[in-house]
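Per-entry structural report
What follows is each chain in one-letter form.
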Amino acid sequence: MSDTYNIGLGNNDTDTRIKADSDFVSFWNDQAKNLTWFSPWNETLDWQPPFAKWFVGGTINASHNALDVHQDSKSEKPAILWEGENGDSRILTYGQILTEVQKFSNILKSLGVEKGDRVTLYLPMIPELPIAMLACARIGATHTVIFSGFSATSIRDRVDDSKSKVIVTADGGYRRGKIVKLKEVVDEAIEDFDFVKNVVVVERTKNEIPMTCKDKLWNDLMNDASDNCPAEKLDSAHPLYILYTSGTTGKPKGVLHGTGGYLTHLYSTFKWAFDIKDSDVFFCTADIGWVTGHSYVVYAPLLHGATEIMYEGAPDFPDASRMWDILQKYKATIFYTTPTALRMFMKFGDDIPNSFDLSTLRLLGTVGEPINPEVWRWYFKTIGKEKCPIIDTWWQTETGGMLISPLPGLETIPLKPGSGTLPIPGVNITVVDENGKDVEPNTKGYLVVKNPWPGMLLTLWGDDEKYKTVYWSKYENCYYPGDYALKDADGYLWLLGRADDVLKVAGHRIGTAELESCIVSHDDVAESAACGIPDEVKGEVIIAFVVLKEGINTETKVLEKELVEKIRTDIGAIATPKQIYFVSKLPKTRSGKIMRRLLKAIGNNEKIGDVSTLEDGAAVIEVQTAFDEIQKSIKESN
Ligand code: ATP
Ligand code: MG
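Parameters and conventions
- Residues numbered from 1 in each chain as written.
- Chains lettered and ligands numbered in written order.
- Predicted model: local features only at pLDDT ≥ 70, side-chain atom pairs only at ≥ 80, totals over all residues.
- Heavy atoms only, no water.
- Helix = DSSP H or I, 4+ residues; strand = E, 2+ residues; numbered from the N terminus.
- Rg over C-alpha atoms; globule rule 2.2 N^0.38 Å.
- Buried < 20%, exposed > 50% of the residue type's maximum accessible area, 1.4 Å probe, protein only.
- Contact = heavy atoms within 4.5 Å.
- Areas by Shrake-Rupley, 256 points an atom, 1.4 Å probe, with all protein chains shown as cover.
- Near = heavy atom within 4 Å.
- Polar contact = N/O pair within 3.5 Å; in protein donor to acceptor, adjacent residues only side chain to side chain.
- Phe/Tyr/Trp six-rings, centres within 6.5 Å; stacked < 30°, edge-to-face > 60°.
- Domains from an automatic or database assignment.
- Buried area = accessible area lost by both parts, 1.4 Å probe.
- Salt bridge = Lys/Arg side-chain N within 4 Å of Asp/Glu carboxyl O.
- UniProt positions renumbered as here; feature names shortened; annotations may be inferred.
- Expected span 1.5 Å × (residues − 1).
- Axes fitted to C-alpha atoms, helices over the stretch in contact; angles between N-to-C directions.
- Parallel < 35°, antiparallel > 145°, perpendicular 65-115°, else oblique.
- Left-handed = near helix turned anticlockwise from the far one by under 90°.
- Nonpolar A, V, L, I, M, F, W, Y, C, P; charged D, E, K, R; others polar.
- 1 Å grid on protein atoms, 1.4 Å probe; cavity = no way out; pocket = protein on both sides within 12 Å on 5 of 7 lines; lining within 4 Å.
- Points joined across faces, edges and corners; volume = space filled by probe spheres on them.

**A look at the overall build of the protein**
Across its full length, the protein carries 20 helices and 30 strands. Here the protein has a C-alpha radius of gyration of 24 Å; the compact-globule value for 638 residues is 26 Å, and the two agree. Counting the 638 residues in the protein, one finds 62% classified as buried. The contacts of the protein with a sequence gap of at least 6 include a subset with a gap of at least 24, amounting to 72%. For the protein, the exposed area adds up to about 24100 Å²; of that, 47% sits on carbon and sulfur atoms.

**Focus on unusual backbone geometry**
In this structure, the amide linkage connecting proline 49 to the following residue, proline 50, adopts the cis form with an omega of -5 degrees. With an omega of 0 degrees, the peptide bond between phenylalanine 317 and proline 318 qualifies as cis. As for its position among the elements, proline 318 is in the loop between β17 (307–311) and α12 (322–329). At aspartate 275, a residue that is not glycine, the phi angle is positive and equals roughly 55 degrees.

**Details of the site of ligand 1**
Around ligand 1, the surrounding shell holds 20 residues, and the nearest of these are Thr245, Thr248, Thr249, Thr397 and Lys593. In this structure, an oxygen atom belonging to ligand 1 sits 2.8 Å away from a side-chain N or O atom of aspartate 483. Between lysine 593 and ligand 1, the recorded distance is 2.6 Å, taken from a side-chain N or O atom to an oxygen atom. Surface burial for ligand 1 is 94%, taken as the share of its 640 Å² of free accessible area covered by protein chains. Elements that contribute at least two residues to the shell around ligand 1 include exactly β20 (390–393) and β25 (493–498).

**Describing the packing of aromatic side chains**
Summed over the entire model, instances satisfying the criterion amount to 40 aromatic pairs. Their ring planes at 20 degrees and their centres at 5.4 Å tell us that tryptophan 376 and phenylalanine 380 sit as a pair that is stacked. Of this pair, tryptophan 376 and phenylalanine 380 both sit in helix α15 (residues 373–383), four residues apart, which is roughly one turn of the helix. By relative accessible area, tryptophan 376 is classed as buried at 1%. Look at phenylalanine 545 and tyrosine 581: their rings are 6.3 Å apart centre to centre, the planes differ by 55 degrees, and that puts the pair in the tilted class.

**A word on the domain arrangement of the protein**
Partitioning the protein into structural domains gives domain 1 (14–389 + 462–475) and domain 2 (502–637). Put simply, the middle of domain 1 and the middle of domain 2, counted by C-alpha atoms, are 33 Å apart. Listed by partner, the interface residues are 25 residues for domain 1 and 24 residues for domain 2. Of the roughly 2000 Å² buried between domain 1 and domain 2, counting both surfaces, carbon and sulfur atoms make up 55%.

**With respect to the pattern of salt bridges**
A complete count under the given rule lists 33 salt bridges for this structure. Its salt-bridge partner being glutamate 411, residue arginine 17 comes within 2.8 Å of it at the nearest N-O pair. Highlighted residues: arginine 17 in helix α1 (residues 15–22) and glutamate 411 in the loop between β20 and β21 (429–432), separated in sequence by 394 residues. Taking the relative accessible area as the measure of exposure, glutamate 411 reaches 11% and is therefore buried. Aspartate 275 is paired through a salt bridge with lysine 277; the nearest N and O atoms lie 2.9 Å apart. The exposure class of aspartate 275 is buried, given its relative accessible area of 7%. Salt bridges linked by common partners bring Arg343, Glu369, Glu516, Glu527, Lys588 and Arg596 together as one network.

**As for the UniProt feature "domain: AMP-dependent synthetase/ligase" (unreviewed entry) in the protein**
UniProt records the feature "domain: AMP-dependent synthetase/ligase" (unreviewed entry) at residues 72–453, using the numbering of this structure. Helix makes up 31% of residues 72–453 and strand 21%. Its end C-alpha atoms lie 32 Å apart.

**Remarks on the environment of lysine 437**
Tracing the backbone shows lysine 437 in the loop between β21 and β22 (445–449). For lysine 437 and tyrosine 475, which are 38 residues apart along the polypeptide, the C-alpha to C-alpha distance reads 10.0 Å.

**Let's talk about helix α5 (residues 94–110)**
Its 17 residues give α5 an end-to-end C-alpha distance of 24 Å, which sits within 8% of 24 Å, the value for a rise of 1.5 Å per residue. Buried residues dominate α5, accounting for twelve of its 17 residues. One or two steps after α5, the chain reaches glycine 112, where phi turns positive at roughly 90 degrees.

**Comments concerning the side chain of threonine 382**
Mapping threonine 382 onto the fold places it in helix α15. Take threonine 382: its relative accessible area is 8%, and that puts it in the buried class. In contact with threonine 382, not counting residues within four places along its chain, are Asp350, Pro353 and Asn354.

**Here we look at the packing of helix α7 (residues 152–162) against helix α8 (residues 182–189)**
The interhelical angle for the contact between α7 and α8, taken along N-to-C directions, is 55 degrees, at an axis separation of 8 Å. On the basis of the axis angle, α7 is oblique to α8. For the pair α7 and α8, the crossing hand works out as right-handed. Residue-level inspection shows Ala152, Ile155 and Arg156 of α7 in contact with α8, the latter providing Val185, Glu188 and Ala189. Tallied by class, the residues present in the contact of α7 with α8 amount to four nonpolar, no polar and two charged.

**A closer look at empty space enclosed by the protein**
Enumeration over the complete set of coordinates arrives at four cavities of 30 Å³ or more. Taken as a whole, the largest cavity spans an internal volume of roughly 90 Å³. Along the wall of the largest cavity there are 14 residues; nearest its centre are Gly258, Thr259, Gly261, Pro454 and Leu458. Every element with two or more residues in the lining of the largest cavity is listed here: β2 (51–56) and α10 (260–274). Among the elements that make up the lining of the largest cavity, the one with the highest residue count is α10 (three residues). Looking at the lining of the largest cavity residue by residue, the classes come out as seven nonpolar, seven polar and no charged.

Below, the structure written as structure tokens:
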């Protein structure tokens, strides 16, 4: 039995779910009216499986809904409270952002960018990034943001795939006090790409940069640009952006999102999940290079005219107190981060957050990976002081916005640490077996979405066939996200990790998330990753990697014994790892997710494939060494 927490924000709207359950199409039809449209749609949903078009015939503009609509009442209101890694800060109001966006829209046009063209944005977390995105949206260009930690090869692949006419980058970006020379990376990436006509360079770090005839300085262009550029009236299904997934399970996929449906999804989920109020100070720590940054740093908060914090640098720079310092400085009321970041903060102990005033917080959230109940409870007690609901939001780059989450802005339901609770209204989610039949409560199966939803991807860029096979071929007319889940007796959903991460031991299937959560609930453990390696007798045996909290000196033999006992009691002897290996770090993607496919590949002696999204190569070497030792000892013991 899981512990439950009866904590909410006093909202109890039952009507919304009733309406959504009775007819999801007319429900979303009503939700779309929260946005400003240039002309109304004549069909709410055109569903030609697996292709969905929402609000057909309607015309709309994302930049107009994020900026212009607030000018009468909020032009002086801060939209972005920007905090530089080095302590610089900037406040940008709704009025100022609109001016900058109109100027940059005119610049893009003057560089020959037309409606439907792609523009690559390879920028650090500085205000020019959302400005450039909104400028693209304003003129109907499709933006493709590439996380500023990527190498030249990764950029080359993505720019080539999207055939971007213009690239916007910076001279450099700050990361842990050092300058990352972004412009040089771009130069290398686009060598001999004739289709790239211009590179616009924002000067952030003022390091010297080589300039070619294609290059233009952001400031030079902005100084001469007109600040009047009306928003283009775009078809609801007009492609707003391409974004490549994290690459946790394979080669990144170019996910294509539209406009009207996507914005409707964001508007509604932001209100329901975060209970957003005019007085809130919202802080989402995600980099805009990932979907969370697109949806819940750029579009959703601005659609609501909210005030938000945007932070440029590493979460633990110059030290582990940086996040708490920012929350205190800006009197943040809502904090949205990842389990990986929380595990890191937890590793440094309670004294650091306890020395800051976090009393303005009223709501906490997480996204990106399953959150271990242990970490959830720490977040609830140490950061939220037992007064803030936590929303564990499940979604993907492909879904555009949240699909499963507690919704304190809509209703008050008991929270269970580690469960995303219920699907959002208007989305039909269930858990099925291999044959597509609903499983019994408390039985592990595959998560599926049974109807289209407004934030759903349009397709994979330039590859409709792949879109069909990856998401729509496992079950007929059902979207397959590739995650394991179970529904408990209360109908709450528990996400159990990637379906391709599952461990198969002696005929049993054990979710990696389940085992890792159990290991992390040991007091000395900060993080863990489990995977299976082939075994002649059992088919597969489990290997677990463990990172300890700061300052733990317990002998590993003792810890190993304790962990094994814990696994035996909590899950069962079947889940006992063949070996537990203590390492200092785990291989993670740049978005902070543990890359289990890499562990698996090393364990299976396979080629490790595309690792361009990896955060730190050293972790791979450490894990590889560990595996070699394990392989050797397995051979010796046979
Ligand atoms: P790729 O698709 O290239 O392998 P990725 O799946 O890591 O990359 P994202 O779209 O950023 O790229 O991540 C979505 C995935 O993250 C989900 O499918 C799920 O596995 C995981 N996830 C996100 N939020 C949660 C959550 N709250 N609980 C559990 N898992 C989550
Ligand atoms: Mg994915």
